[in-house]
Amino acid sequence: MALSKFEQEIAMSENPKYFMGDESAATYMDIDTSTGKDRPAEGYGIARGEGTKTRAEHNKALQVHIHESQKSAQKLMGPKVWNKLPEEKRQVLTELIYQMGPSRIQKFPRFLGAMVVGDFDKAARELLYTKEGKPSDWSQKGGRDRVKRIIKKLSPTTKVEDRKKPLYAGGG
């Protein structure tokens, strides 16, 4: 089954960062954030060091995880709010839960509150900055393209500042 445009967006910004090999046997690689070096990926049913799965198996596991994240987002927001949200905003919630899990997203109560009332500019700012006005860990450590894409979906006029420090401690 082919990936939807939304699923492709997640796949392109997700570790494993790239797919080595052909359609039948592939090794997924991701980046060890402590060293900045490539390593065989885990997740999507791949054990650490194994790293081999067909593209079809990977896509199916990705779709299952996205669907579970969407169900968690619906439950978190409640049906009344979820049904009123534009599709693009539902995608933001789904991807954030996909990325950080349903418990960690709850550490952004002002973001969730802004989503409930439909204040998407405020929701974008709440993801980008702490209540003290400093860049949030999410905005500084999340994949650069992912952060920009999510903020643009929430609020096309909100600017995403450059990172204050390199993503990996080893430089880069």
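Residues numbered from 1 in each chain as written. Predicted model: local features only at pLDDT ≥ 70, side-chain atom pairs only at ≥ 80, totals over all residues. Heavy atoms only, no water.

Caption draft 1: Molecular detail of empty space enclosed by the protein. Inspection of the entire model under this criterion finds one cavity of 30 Å³ or more. Taken as a whole, the largest cavity encloses approximately 50 Å³ of empty space. If you go around the largest cavity, the residues you meet are Leu128, Tyr129, Pro135, Ser139, Gln140, Val160 and Glu161. By residue class, the composition of the lining of the largest cavity is four nonpolar, two polar and one charged. (1 Å grid on protein atoms, 1.4 Å probe; cavity = no way out; pocket = protein on both sides within 12 Å on 5 of 7 lines; lining within 4 Å. Points joined across faces, edges and corners; volume = space filled by probe spheres on them. Nonpolar A, V, L, I, M, F, W, Y, C, P; charged D, E, K, R; others polar.)

Caption draft 2: Quick look at the confidence of the model for the protein. Residues with a pLDDT of 70 or more make up 69% of the protein, whose mean pLDDT is 77. Of all secondary-structure elements in the protein, the lowest mean pLDDT belongs to strand S1 (residues 18-21), at 45, while helix H3 (residues 79-84) reaches the highest, 96. The model gives residues 15-26 a pLDDT under 50, and that stretch makes 32 contacts with residues more than four places away or in other chains. Contacts from residues 44-49, a stretch scored under 50 in pLDDT, to residues over four places away or in other chains number 23 contacts. (pLDDT = per-residue confidence, 0-100. Helix = DSSP H or I, 4+ residues; strand = E, 2+ residues; numbered from the N terminus. Contact = heavy atoms within 4.5 Å.)

Caption draft 3: Main features of the packing of helix H4 (residues 87-104) against helix H8 (residues 144-154). Between H4 and H8, the shortest axis-to-axis distance is 9 Å and the interhelical angle comes to 150 degrees. Between H4 and H8, the interaxial angle falls into the category roughly antiparallel. The way H4 lies across H8 gives a crossing that is left-handed. Of the residues in H8, those in contact with Glu88, Lys89, Gln91, Val92, Glu95, Leu96 and Gln99 of H4 are Arg146, Arg149, Ile150, Lys153 and Leu154. Looking at the contact of H4 with H8, its residues break down into four nonpolar, two polar and six charged. (Axes fitted to C-alpha atoms, helices over the stretch in contact; angles between N-to-C directions. Parallel < 35°, antiparallel > 145°, perpendicular 65-115°, else oblique. Left-handed = near helix turned anticlockwise from the far one by under 90°.)

Caption draft 4: Here's a closer look at the environment of Gln70. For Gln70, the position within the fold is in helix H2 (residues 55-77). Residues within four places of Gln70 in sequence aside, it is in contact with Trp82 and Thr94.

Caption draft 5: Focus on the packing of aromatic side chains. The final tally for this structure, using the stated rule, is zero aromatic pairs. Seen from the ring of Phe120, Lys89 lies directly overhead, with NZ or CZ sitting 4.9 Å from the centre. (Phe/Tyr/Trp six-rings, centres within 6.5 Å; stacked < 30°, edge-to-face > 60°. Lys NZ or Arg CZ within 6 Å of the ring centre and 35° of its normal.)

Caption draft 6: Geometry of helix H6 (residues 120-128). If you check which residues of H6 are buried, you get Phe120, Ala123, Ala124, Glu126, Leu127 and Leu128. The inward-facing, buried residues of H6 contact H4, helix H5 (109-117), helix H7 (137-141) and H8. (Buried < 20%, exposed > 50% of the residue type's maximum accessible area, 1.4 Å probe, protein only.)

Caption draft 7: A look at the side chain of Gln91. With respect to the helices, strands and loops of the structure, Gln91 is situated in helix H4. Apart from residues lying up to four places away in sequence, Gln91 is in contact with Phe6 and Lys153.

Caption draft 8: Region of the structure containing the pattern of salt bridges. For the coordinates displayed, the defined rule picks out six salt bridges. The salt bridge partner of Arg149 is Glu9, with a shortest N-O separation of 3.6 Å. Separated by 140 residues along the polypeptide, Arg149 in helix H8 and Glu9 in helix H1 (residues 5-13) bring together distant segments of the chain. The same class applies to Arg149 and to Glu9, which are both buried. A single network of salt bridges, built from pairs that share partners, joins Glu9, Glu95, Arg146, Arg149 and Lys153. (Salt bridge = Lys/Arg side-chain N within 4 Å of Asp/Glu carboxyl O.)

Caption draft 9: Layout of the nonpolar core. Core analysis: the biggest nonpolar cluster contains 27 residues, and Leu93, Leu96, Phe111, Leu127, Trp138 and Leu154 have the highest contact counts within it. Those elements giving two or more residues to this core turn out to be H2, H3, H4, H5, H6 and H8. Apart from residues lying up to four places away in sequence, Leu96 is in contact with Gly101, Ile105, Phe111, Leu127, Trp138 and Ile150. (Core = buried A, V, L, I, M, F, W, Y, C linked by side-chain atoms within 4.5 Å.)

Caption draft 10: Quick look at the packing of H6 against H8. At a closest axis distance of 8 Å, the pairing of H6 and H8 adopts a crossing angle of 155 degrees. By the angle between their axes, H6 is roughly antiparallel relative to H8. Here Phe120, Ala123, Ala124, Leu127 and Leu128 of H6 lie close against H8, whose contacting residues are Val147, Ile150, Ile151 and Leu154. Looking at the contact of H6 with H8 residue by residue, the classes come out as nine nonpolar, no polar and no charged.

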